[in-house]
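Understanding the architecture of this molecule
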Amino acid sequence: MPDMCHVHPYSSIDTPEALLSHFLPEYRQASVAYVNLDMEARLSVATGRMTTAQATQLADANVCAGFVEELHKRLGVVASFGGYLEDRAFLWQGTYLGNTEKTVHLGIDFNAPQGSVVATPVGGTVIRCDNDHPDRWGWGPRVFIETDGTSSDPTSAHSILLFAHLAEISVRVGDVVMSGSTLGVIGTPPFNGDWFPHLHVQQVRRELYDTFMRNDPWALDGYGDRSAMTTFTTDFPDPILSHCKRSTPQVTKG
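Residues numbered from 1 in each chain as written. Predicted model: local features only at pLDDT ≥ 70, side-chain atom pairs only at ≥ 80, totals over all residues. Heavy atoms only, no water.

**Brief notes about the overall build of the protein chain**
Rules: For the purposes of this entry, the term helix denotes a DSSP run of H or I that reaches at least four residues, the term strand denotes a run of E that reaches at least two, and both are numbered from the N terminus. What the globule rule says is 2.2 Å times the number of residues to the power 0.38, and the radius of gyration is computed from C-alpha atoms. We call a residue buried when its accessible area falls under 20% of the maximum for its residue type, exposed when it is over 50%, and partly exposed in between, using a 1.4 Å probe and counting protein chains only. The contact criterion used throughout is that any non-hydrogen atoms of two residues lie within 4.5 Å.
Summing up its helical and strand segments, the protein chain has seven helices and 13 strands in all. In terms of overall size, the protein chain behaves like a compact globule, its C-alpha atoms giving a radius of gyration of 17 Å where 254 residues would be expected to give roughly 18 Å. Taking the principal axes of the C-alpha coordinates as reference, the protein chain spans close to 50 × 45 × 35 Å. Taking all 254 residues of the protein chain together, the buried fraction comes to 51%. Taking the intrachain contacts of the protein chain between residues at least 6 apart in sequence as the baseline, contacts between residues at least 24 apart amount to 75%.

This is the structure in structure tokens:
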């Protein structure tokens, strides 16, 4: 029976390390794994590596950092990624998400050490930079890019890419960036929203982004309600599927 925590849903596109390196370039030659953190947490309790009481503490940034570090050591990797539309009801039971239906993760998390350089996988224009520190379990420093249509999916042109939980931001509003341009580095708690060190990347449909910006920019969350699951692939498309080129050419008939 396959280990569902590490089933690689992007195997038709590229290897885990190649996909991660679109966003964290220094890990192109590193050992990388795809992971489902919620399933890993459940498995850790089921196998006795962690108690149920300890699992409720994973919302603490330092505790979760230790959990991820132990996971990476066990898998023999230095970084990992995953989380798109992952239901994290178990993982974050100790946060503001606990005992709610709003536990579906709307982006992808790239789990790597603080200070890792963050890059954009696609060209575009920086349209917003902000920071909600000292809010706990917030975004921390974040950068928004309006994509220019140079990705593997031309239909994603003018969509919005959000990069969050940063430390230093090396771009400003109005900057035109190319694929591979540095945006900043992964931050550290509590300044990154008080999460374990990782990069959160989320794509947002342009019209929906505009609605949030008009009404309340901070109402745009990284998690959505289970009842709205059918809308998420349209409103918050998978950044990897939209912006990471396929490693093999598509065959056309005729």
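The structure having been displayed, the exposition proceeds.
**Observations concerning the sheet that holds strand E5 (residues 117-119)**
Remark on secondary structure: sheet strands pair via backbone hydrogen bonds, oriented parallel or antiparallel. Under the convention used in this document: Think of it this way: DSSP has to see at least two bridges between two strands before they count as a pair. Helix axes are fitted to C-alpha atoms over the stretch in contact, other axes to C-alpha atoms as well, and angles between N-to-C directions run from 0 to 180 degrees.
With respect to topology, three strands assemble into an open sheet ordered E5-E11-E9, the strand pairing being antiparallel. Two strands lie at the open edges of the sheet, namely E5 and strand E9 (166-169), each paired on one side alone. Within this sheet the neighbouring strands show an average axis-to-axis angle of 40°, counted without direction. Bridge count for E9 against strand E11 (residues 182-186) is two bridges, and the pairing is antiparallel. Note on E11: the bridge partner recorded for Leu166 is Ile186.

**Focus on the packing of aromatic side chains**
In plain terms, the rule: Pairing of aromatic side chains here covers Phe, Tyr and the six-membered ring of Trp, requires ring centres within 6.5 Å, and sorts the geometry by plane angle: under 30 degrees stacked, over 60 edge-to-face, intermediate tilted.
Taken as a whole and judged by the stated rule, the model has nine aromatic pairs. Ring geometry for Phe81 against Phe110: centres 6.0 Å apart, planes inclined by 20°, an arrangement best described as stacked. Taken together, the positions of Phe81 in strand E2 (residues 79-82) and Phe110 in strand E4 (residues 108-111) put the pair 29 residues apart, joining distant regions of the chain. In this structure, Phe81 and Phe110 share a single accessibility class: buried. These aromatic residues form a ring-pair network of at least three members: Tyr10, Phe23, Tyr34, Phe81 and Phe110.

**Some remarks on the pattern of salt bridges**
Inclusion rule: Salt bridges are defined by distance alone: a side-chain nitrogen of Lys or Arg within 4 Å of a carboxyl oxygen of Asp or Glu.
Within the structure shown, the criterion is met by 14 salt bridges. Salt-bridge contacts for Arg136 lead to Asp194; the nearest nitrogen and oxygen are separated by 3.0 Å. Taken together, the residues Arg136 in the loop between strand E6 (124-131) and strand E7 (141-147) and Asp194 in the loop between E11 and strand E12 (199-204) connect sequence positions 58 residues apart. Residue class for Asp194 comes out buried when judged on its relative accessible area of 16%.

**A short note on unusual backbone geometry**
Cis rather than trans, the peptide bond between His133 and Pro134 has omega equal to 20°. Residue placement: Pro134 occurs in the loop between E6 and E7. Note the cis peptide between Pro189 and Pro190, where omega equals 5°. Take Pro190: it is sitting in the loop between E11 and E12.

**Regarding the environment of Thr47**
Where we set the bar: Side-chain atoms alone can form a polar contact between residues adjacent in sequence; in general such a contact is a pair of N or O atoms within 3.5 Å, and within protein one must be able to donate a hydrogen while the other accepts it.
As for its placement among the helices and strands, Thr47 is situated in the loop between helix H2 (37-46) and helix H3 (52-55). The exposure class assigned to Thr47 is partly exposed, which follows from its relative accessible area of 46%. Taking the C-alpha atoms as reference, Thr47 lies 43 Å from Arg206; in sequence the two are 159 residues apart. Side-chain polar atoms of Thr47 contact the backbone oxygen of Ser44, separated by 3.5 Å.

**Quick notes on the environment of Thr188**
By secondary structure assignment, the location of Thr188 is in the loop between E11 and E12. On a C-alpha basis, the gap between Thr188 and Ser44 in space is 25 Å, while along the polypeptide they are 144 residues apart. Within the local environment of Thr188, its side chain forms a polar contact with the side chain of Gln114, the two groups lying 3.1 Å apart.

**Brief notes about the nonpolar core**
Rules: Here, the term nonpolar core denotes a set of buried Ala, Val, Leu, Ile, Met, Phe, Trp, Tyr and Cys residues that are joined through side-chain atoms within 4.5 Å.
Counting residues in hydrophobic clusters, the biggest one holds 32 residues, and the most contacted among them are Tyr10, Leu24, Phe81, Phe110, Phe163, Leu199 and Ile240. Elements with a minimum of two residues in this core: helix H1 (16-21), strand E1 (32-34), E2, E4, E7, strand E8 (160-164), E11 and E12. With residues up to four places along the chain from it excluded, the contact list for Ile240 reads Tyr10, Ile13, Leu19, Phe23, Phe81 and Ile108. Judged by nonpolar contacts, the second largest core, of 21 residues, contains Leu37, Phe90, Leu91 and Leu97.

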